[in-house]
Amino acid sequence: PGELMQRHNVDIGDVLNHPVLQDAQGGNDVDDGVSSDSLKAAVQDMAYIIRGHLAEARNAQGDVPKGARACLLPAVGAIHYVDRLEQFNFDVFDQKLMVPMKNDWKHHLKLGRAWITGVF
């Protein structure tokens, strides 16, 4: 991530001091959930890398014994989050992206399917 941030000229201070993060500590609601274009580009590149790793894991899951495939269930959440990142234009500070997955019925369906079939 550091290399991607450098490549896209993202200042870590701007990320850590973003109003959304500052407000999360203070408990107030902030509507300014917008990332800079450079941060969006870095997040998009990271999402591309993540998708590659998840594709490798998906291709190799047949080598994992059925009884141990539950350890792969967190990949379902990762896939869902990366899909949502893309849906919100790779803006990690978009307020709609920050809805907890526990309230997202699509995530539960995908997780349930992966649990039953043993395939994510």
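Everything numeric in this text was worked out from a predicted model, so none of it was measured. Once a new chain begins, its residue numbering starts again from 1 and follows that chain's sequence as written. Local features in this predicted model are restricted to residues whose pLDDT is 70 or higher, and side-chain atom pairs enter the listing and the counts only when it is 80 or higher, whereas totals over whole chains, interfaces and linings include all residues. Excluded from the side-chain calculation are hydrogens and water; included are all heavy atoms of the structure.

### Section: the overall build of the chain
Under the DSSP-based scheme used, a helix requires at least four consecutive residues in state H or I and a strand at least two consecutive residues in state E, with every element numbered from the N terminus. The helix and strand tally for the chain stands at six helices and zero strands. In sequence order, the chain lays out its α and β elements as α-α-α-α-α-α. A 1.4 Å probe rolled over the protein chains alone gives each residue an accessible area, and that area as a share of the maximum for its type sets the label: buried under 20%, exposed over 50%, partly exposed in between. By the burial criterion, 32% of the 120 residues in the chain qualify as buried. Taking contacts inside the chain between residues at least 6 apart in sequence as the whole, the part at least 24 apart equals 64%. Throughout, the Shrake-Rupley method with a 1.4 Å probe supplies accessible areas, and for residues the shown protein chains are the sole cover considered. Carbon together with sulfur atoms contributes 57% to the accessible area of the chain, which is approximately 7,900 Å² in total. The contact criterion used throughout is that any non-hydrogen atoms of two residues lie within 4.5 Å.

### Regarding helix H6 (residues 105-117)
Any helix carries an expected span of 1.5 Å times its number of residues minus one. Between its first and last C-alpha atoms H6 spans 18 Å; for 13 residues at 1.5 Å apiece the expected length is 18 Å, and the two agree. Phi turns positive one or two residues past the end of H6, at Gly118, with a value near 80°.

### Re the packing of helix H5 (residues 74-87) against H6
To describe two helices that pack against each other, one gives the angle between their axes and the distance between the axes. Helix axes are fitted to C-alpha atoms over the stretch in contact, other axes to C-alpha atoms as well, and angles between N-to-C directions run from 0 to 180 degrees. H6 packs onto H5 with a crossing angle of 145° between their chain directions and a minimal axis gap of 10 Å. In this structure, H5 crosses over H6, and the sense of that crossing is right-handed. Across the interface between the two elements, Val76, Gly77, His80 and Asp83 of H5 pack against Lys106, His107, Lys110, Leu111 and Ala114 of H6. For any helix crossing, the convention is left-handed if the near helix is rotated counterclockwise from the far helix by under a right angle, and right-handed if that rotation is clockwise.

### Regarding the nonpolar core
Core analysis: the biggest nonpolar cluster contains 14 residues, and Val10, Val15, Leu39, Val43, Leu85, Phe90 and Phe93 have the highest contact counts within it. Put simply, the parts of the chain that give this core at least two residues each are helix H4 (37-60) and H5. Looking at which element gives the most residues to this core, the answer is H4, with four residues. Remark: nonpolar core denotes a set of buried residues (Ala, Val, Leu, Ile, Met, Phe, Trp, Tyr, Cys) joined through side-chain atoms within 4.5 Å. If you look at the next biggest cluster of nonpolar residues, it comprises seven residues, including Leu73, Ala75, Ile79 and Ala114.

### Brief notes about a positive patch on the surface
Each patch is assembled from residues with relative accessible area greater than 30% and no salt bridge, linking like charges that lie within 9 Å and nonpolar side chains (Val, Leu, Ile, Met, Phe, Trp, Tyr) that lie within 5 Å. A pair is scored as a salt bridge if a Lys or Arg side-chain nitrogen falls within 4 Å of a carboxyl oxygen belonging to Asp or Glu. Only four residue types enter the charge count, namely Lys and Arg as positive and Asp and Glu as negative; His and the chain termini do not. The atom standing in for a charge is NZ when the residue is Lys, CZ when it is Arg, CG when it is Asp and CD when it is Glu. Together, Arg58, Lys106, Lys110 and Arg113 make up a positively charged patch on the protein surface. Of the residues forming the positive patch, the biggest block, three residues, is contributed by H6. Note on placement: Lys106 falls in helix H6. Judged by its relative accessible area of 45%, Lys106 is partly exposed.

### Section: the pattern of salt bridges
Tallied over the entire structure, the rule returns four salt bridges. In this structure, Asp45 engages Arg7 in a salt bridge whose closest nitrogen and oxygen atoms are separated by 3.8 Å. Pair noted here: Asp45 is in helix H4 and Arg7 is in helix H1 (residues 2-7), with a separation of 38 residues, a long-range link. For Asp45, a relative accessible area of 25% corresponds to the partly exposed category. Among the salt bridges present, the one from Glu86 reaches Arg51, with a minimum N-O distance of 2.9 Å. Separated by 35 residues along the polypeptide, Glu86 in helix H5 and Arg51 in helix H4 bring together distant segments of the chain. The class of Arg51 is partly exposed, set by a relative accessible area of 31%.

### Considerations on H4
Spanning 24 residues, H4 covers 35 Å between terminal C-alpha atoms, matching the ideal 34 Å at 1.5 Å per step. For H4, every residue scored as buried is listed here: Leu39, Lys40, Ala42, Val43, Ala47 and Leu54. For H4, the secondary structure elements touched by its buried residues are H1, helix H2 (12-16) and H5.

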